[in-house]
Amino acid sequence: MSAAKRAKLAEDQEYEVEYLVGHRPHPEMENCRQYRVKWLNYPSEVNTWEAERNLNCPEYLSAYKEIAGDAFKSESLTLTPGQVEHLVAIQQHKTKVQRQQNALKKWEKQLNAMRGKEERICVENRVDLAGPPEDFTYISECVPSKGVTILKDPLVGCSCTHTGALCCSAESNCCASHAGGAFAYKDRRLVLEAGQAVFECNSRCSCASQRRQSRTICANRVVQLGRQVEVTVFRTPTRGWGLKCNRNVQRGTFITEYVGEMVTAAEAEERSPEYQFELDFTEEKCFQYVIDAKKMGSVSHFINHSCDPNLVVHGVFVENPDITMPRISLFAKRFIRAGTELTFDYFLSQDPSSRSPLMTPVGKGRPPNKFVGPLSPVHPYSPTVSPTRREHIPCRCGAKNCRGFIY
């Protein structure tokens, strides 16, 4: 490199290789090559010859070798303008990929900093150059909007005593029996049929007096302990972001809670319907609250729809006695192998003609729930009418029993 060129490159004291455009034998050293270097942010007029041993850029050498092909073995070579253009495209793509991966790693770190005591969250994109979603905040529990109060004052608790390994069980007079329901868990896995509500122990229960031990002695605390399954937020080929489990999951295992901003039904009507879950679980014709997870939510924000889902949704009650505000919880519907995408039915029904509810009060039927789930980019939808009058949304879940529409 001439003194003039070195002086020009040293002006900022910061320069790096952009790509290589040729090679030749080193004029002063045997069995050594020189490469013609195009420097980043400098014109081609100041390209320089550099000894191979002085270059610390294996990725650029690899790209140059790929473009040169068999000519790479020749004694000397200068890439054609067309080859240089191709090389630039490759380098630009690699730069974009590197920036994307850095952004995803940063996002993964942020997600894990917010997950509290729940299991680890991984982030993966092997499909495209999409980075972290914009305008999205990770939360671990529902956040009340203006005019909404989420109570944390249960009316009653159980008086189960600690006998043997566990205190609360299907044989004890636990919280579910007080509410006229059935005990939900066996070995901390859900055993209830679809449509049955879950009543977990709360802060008024006798088992809560031994707070440090309540995790181990009480078999009726599952959802309130948070997600115990490690998951990966990953990019799908056709449906945007999705969620998959990182280990085998047994049937009945609690996966995660659907959380977001708790808003009134009136406010929900003024917002985009994407990611809204209407809490219409009472006998009243009009529901009062909606969970809006569009701008804030947990890993449940990324769960896609399937007409043959491996997750089932149940309403769970813990600290909040308000029957219009159940905690929307997702459990494994069947055994799920590690690496499998997690899905649930946005329509909350296996058979669109049956429209079975998410949670049915004991001995009474009720209208179907309406769930507006996380629509993917391939299902653009801008409703201009009330949520109860929306047209069918096409479904591309790929299940053998796909009904052709989401709802």
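All of these numbers come straight from a predicted model, not from anything done at the bench.

A. Molecular detail of the nonpolar core. Residues Val-233, Tyr-258, Met-262, Ile-291, Leu-311 and Leu-342 are the most contacted members of the largest nonpolar core, which totals 46 residues. When residues of this core are traced back to their parent elements, those giving at least two are α3 (81–114), β5 (121–124), β11 (231–235), β12 (241–245), β13 (254–258), β16 (289–292), β19 (311–317) and β20 (327–332). Not counting residues within four places of it along the chain, the set of residues in contact with Val-233 comprises Trp-107, Ile-121, Cys-122, Val-123, Glu-124, Trp-241, Gly-242, Leu-243, Val-299 and Phe-302. Counting 24 residues, the second largest nonpolar core, distinct from the first, contains Phe-183, Cys-207, Val-312 and Val-318.

B. Geometry of the sheet that holds strand β4 (residues 77–78). The strand order β3-β2-β1-β4 describes an open sheet built from four strands, whose pairing is antiparallel. The open sheet terminates on both sides in strands that have one partner only, identified here as β3 (48–51) and β4. Bridge count for strand β1 (residues 17–25) against β4 is two bridges, and the pairing is antiparallel. Paired with Gly-22 across the bridge in β4 is Thr-78. The strands touched by helix α2 (residues 58–68) are β1, β2 (33–39) and β4; relative to β1, the strand with the most contacts, the crossing angle is about 60°.

C. Main features of the packing of aromatic side chains. Tallied over the entire structure, the rule returns 10 aromatic pairs. Seen from their ring centres, Trp-107 and Phe-302 are 5.8 Å apart, and the 75° between their planes marks the pair as edge-to-face. With Trp-107 in helix α3 and Phe-302 in the loop between β17 (296–297) and β18 (304–305), this pair connects stretches of sequence that are 195 residues apart. Here Trp-107 and Phe-302 have matching classes, each one buried. Aromatic side chains Phe-136 and Phe-302 sit 5.5 Å apart centroid to centroid with 70° between the ring planes, which places their arrangement in the edge-to-face category. Residue Phe-136 is found in the loop between β5 and β6 (137–138), and its partner Phe-302 is found in the loop between β17 and β18; the two are separated by 166 residues along the sequence. The residues Phe-136 and Phe-302 share a single accessibility class, namely buried. An aromatic cluster of at least three residues, connected via ring pairs, comprises Trp-107, Phe-136, Trp-241 and Phe-302. Sitting over the ring of Trp-49, Arg-24 keeps its end group 4.2 Å from the ring centre. It is Arg-33 that lies over the ring of Phe-72; its NZ or CZ is 4.7 Å from the centre.

D. Examining the side chain of Thr-343 more closely. Mapped onto the fold, Thr-343 is located in strand β21 (residues 343–344). Overall, Thr-343 belongs to the buried group, its relative accessible area being 7%.

E. Expanded view of α3. With 34 residues, α3 extends 50 Å between its outermost C-alpha atoms, agreeing within 8% with the 50 Å of an ideal straight helix rising 1.5 Å per residue. Those residues of α3 lying buried are Val-84, Leu-87, Ile-90, Gln-91, Gln-100, Leu-104, Trp-107, Glu-108, Leu-111 and Asn-112. Next to the buried residues of α3 lie β1, α2, β5, β6, β11 and β12. Positive phi shows up at Gly-116, right after α3, with a value of about 65°.

F. Structural context of unusual backbone geometry. The residue Asn-31 is not glycine, and still its phi comes out positive at about 55°. With respect to the helices and strands, Asn-31 occurs in the loop between β1 and β2. On the accessibility criterion, Asn-31 (82% relative accessible area) is exposed. Phi angles above zero are rare outside glycine, and Asn-41 is one such case at about 70°. The topology assignment puts Asn-41 in the loop between β2 and β3. Here Asn-41 falls in the exposed class, since its relative accessible area comes to 70%.

G. Structural view of the pattern of salt bridges. Summed over the entire model, instances satisfying the criterion amount to 18 salt bridges. The partner of Glu-124 in a salt bridge is Arg-126, and the shortest N-O contact between them spans 3.9 Å. Close ionic contact of Arg-271 with Glu-267 constitutes a salt bridge, the shortest N to O distance being 2.5 Å. Arg-271 gets classed as partly exposed once you look at its relative accessible area, which sits at 25%.

H. Layout of the packing of α2 against α3. The contact between α2 and α3 brings their axes to 10 Å, and the two run at 140°. With respect to their mutual orientation, α2 and α3 come out oblique. Crossing of α2 against α3: the hand is right-handed. Residues Glu-59, Tyr-60, Ala-63, Tyr-64, Glu-66 and Ile-67 of α2 form the contact with α3, whose own contacting residues are Gln-83, His-86, Leu-87, Ile-90, Gln-91 and Lys-94.

Rules of the game
- Residues numbered from 1 in each chain as written.
- Predicted model: local features only at pLDDT ≥ 70, side-chain atom pairs only at ≥ 80, totals over all residues.
- Heavy atoms only, no water.
- Core = buried A, V, L, I, M, F, W, Y, C linked by side-chain atoms within 4.5 Å.
- Buried < 20%, exposed > 50% of the residue type's maximum accessible area, 1.4 Å probe, protein only.
- Helix = DSSP H or I, 4+ residues; strand = E, 2+ residues; numbered from the N terminus.
- Contact = heavy atoms within 4.5 Å.
- Pairing = 2+ DSSP bridges.
- Axes fitted to C-alpha atoms, helices over the stretch in contact; angles between N-to-C directions.
- Phe/Tyr/Trp six-rings, centres within 6.5 Å; stacked < 30°, edge-to-face > 60°.
- Lys NZ or Arg CZ within 6 Å of the ring centre and 35° of its normal.
- Expected span 1.5 Å × (residues − 1).
- Salt bridge = Lys/Arg side-chain N within 4 Å of Asp/Glu carboxyl O.
- Parallel < 35°, antiparallel > 145°, perpendicular 65-115°, else oblique.
- Left-handed = near helix turned anticlockwise from the far one by under 90°.

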